[in-house]
Amino acid sequence: MAQRILFSALPNTLPLAYVQTLTVIFGEVSRSSPSMKDLRDFMKLRNVFDKETWPLLTAMLELRDEGGTVSMGRFGRDLLAAEDDVAGREVIARHLIAQNPLIAKYCLEALDTEHGGRLHSTNEFYRMLTSFVYPGEKPTLVSFKAWVEWAVGCNLLKLVGVRWAIGEVGLKELPRMRMLDSEEFLEE
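This text gives an overview of the structure that appears in the document. (Residues numbered from 1 in each chain as written. Predicted model: local features only at pLDDT ≥ 70, side-chain atom pairs only at ≥ 80, totals over all residues. Heavy atoms only, no water.)

1. Some points on the overall build of the chain
Then, in step 1: Of the regular secondary structure elements, the chain holds ten helices and four strands.
Then, in step 2: The helix and strand sequence of the chain, counted from the amino end, reads α-α-α-β-β-α-α-α-α-α-β-β-α-α.
Then, in step 3: Over its C-alpha trace the chain gives a radius of gyration of 17 Å, about what one expects of a compact globule, namely 16 Å for 188 residues.
Then, in step 4: C-alpha extents for the chain along the principal axes are approximately 50 × 35 × 25 Å.
Then, in step 5: Counting over 188 residues, the chain shows a buried share of 49%.
Then, in step 6: Sequence separation of 24 or more characterises 66% of the internal contacts of the chain that already satisfy a separation of 6 or more. (Helix = DSSP H or I, 4+ residues; strand = E, 2+ residues; numbered from the N terminus. Rg over C-alpha atoms; globule rule 2.2 N^0.38 Å. Buried < 20%, exposed > 50% of the residue type's maximum accessible area, 1.4 Å probe, protein only. Contact = heavy atoms within 4.5 Å.)

Laid out in structure tokens, this is it:
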């Protein structure tokens, strides 16, 4: 399995609006089969386009230019099929975890207060992920902050005071993350 270590947040979008914003983007792709330029223009009109992060964002969203029209991958189709925002957050969480299961595992387990974890800040998480404790590939701080925005947007994480705690979707994913064997994952 691959470990994505470069992430891009949705430009000018609060994490809590990720489901709605992504639904609009994927809905446009599904409805009009735009060219990549037309999709960029659509996103510019909605102030969710950033030229610098565009290539990374399209890769994360599984948007591909196929013969002059944009096609979307399973992530977009699953999000459009979600019944409501709660289901949409679960779709985003599954997609984010699939991008790099080790980051999700280590962050959720570090927050698991029932098993010795505690609340963490973004910088504390980052120090953990760049230390000897974390066996995976190391993200940059900018990419990790973008990952955190995605995690908040899908409710893997939630803010409690000035630190992160496990969100409702994170609580559902925690048992699966506990079962993930880091060494086996890295051998694959």
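This is not the end of the story, as more comes after the structure.
2. What to know about the pattern of salt bridges
Then, in step 1: According to the stated counting rule, one finds ten salt bridges in the structure shown.
Then, in step 2: Here Glu28 ties to Arg31 by a salt bridge, and the two come within 2.4 Å at their closest N and O atoms. Taken as a pair, Glu28 and Arg31 lie in helix 1 (residues 18–32) at a separation of three residues, close to a single helical turn.
Then, in step 3: With its nearest N and O atoms 2.8 Å apart, the salt bridge here joins Lys105 to Glu109. Taken together, the positions of Lys105 and Glu109, both in helix 6 (residues 101–111) and four residues apart, correspond to about one turn of that helix.
Then, in step 4: Lys105 gets classed as buried once you look at its relative accessible area, which sits at 6%. (Salt bridge = Lys/Arg side-chain N within 4 Å of Asp/Glu carboxyl O.)

3. As for the packing of aromatic side chains
Any two aromatic rings considered together are summarised by their centre-to-centre distance and by the angle between their planes.
Then, in step 1: Evaluation of the coordinates by the stated rule reveals seven aromatic pairs.
Then, in step 2: Between Tyr18 and Trp150 the ring centres are 4.9 Å apart and the planes differ by 80 degrees, which places this aromatic pair in the edge-to-face class. Of the two residues, Tyr18 is situated in helix 1 and Trp150 in helix 8 (residues 141–153); the sequence distance between them amounts to 132 residues. An identical accessibility class is assigned to Tyr18 and Trp150; each is buried.
Then, in step 3: Taking 6.1 Å as the distance between ring centres and 35 degrees as the angle between the ring planes, the aromatic pair formed by Tyr126 and Phe144 counts as tilted. Taken together, the residues span a long stretch of sequence, with Tyr126 in helix 7 (residues 122–129) and Phe144 in helix 8 at a distance of 18 residues.
Then, in step 4: Site record: aromatic cluster; members linked through ring pairs are Phe125, Tyr126, Phe144 and Trp147. (Phe/Tyr/Trp six-rings, centres within 6.5 Å; stacked < 30°, edge-to-face > 60°.)

4. Regarding the environment of Leu96
Then, in step 1: Inspection of the secondary structure puts Leu96 in helix 5 (residues 85–99).
Then, in step 2: Linking Leu96 and Ser35, residues 61 residues apart in sequence, is a C-alpha distance of 26 Å.
Then, in step 3: Apart from the residues within four sequence positions on either side, Leu96 is in contact with Phe7, Trp147, Trp150, Ala151, Cys154 and Leu156.

5. Quick word on the pairing of strand 1 (residues 63–66)
Then, in step 1: Pairing of strand 1 with strand 2 (residues 69–72), which is carried by four bridges, proceeds in the antiparallel orientation. If you follow Glu66 over to strand 2, its bridge partner there is Thr69.
Then, in step 2: Between strand 1 and strand 2, which pair antiparallel one after the other, the connecting turn spans two residues, and Gly67 there sits at a positive phi close to 65 degrees. (Pairing = 2+ DSSP bridges.)

6. Observations regarding a negative patch on the surface
Then, in step 1: Taken together, the side chains of Asp181, Glu183, Glu184, Glu187 and Glu188 make up a negatively charged region of the molecular surface.
Then, in step 2: Position of Glu188 among the secondary structure elements: in the segment after helix 10 (182–187).
Then, in step 3: Under the relative-accessibility criterion, Glu188 is labelled exposed at 65%. (Patch = residues over 30% accessible without salt bridge, like charges linked within 9 Å, V, L, I, M, F, W, Y side chains within 5 Å. Areas by Shrake-Rupley, 256 points an atom, 1.4 Å probe, with all protein chains shown as cover. Lys, Arg positive; Asp, Glu negative; His and termini not counted. Charge placed at Lys NZ, Arg CZ, Asp CG, Glu CD.)

7. Brief notes about the side chain of Glu28
Then, in step 1: Take Glu28: its relative accessible area is 12%, and that puts it in the buried class.
Then, in step 2: In terms of polar contacts, Glu28 uses its side chain to reach the side chain of Arg31, at 2.4 Å.
Then, in step 3: A polar contact is formed between the side chain of Glu28 and the side chain of Ser32, at a distance of 2.8 Å.
Then, in step 4: Ignoring any residue separated from it by four or fewer positions in sequence, one finds Glu28 in contact with Ser33, Pro34 and Phe42. (Polar contact = N/O pair within 3.5 Å; in protein donor to acceptor, adjacent residues only side chain to side chain.)

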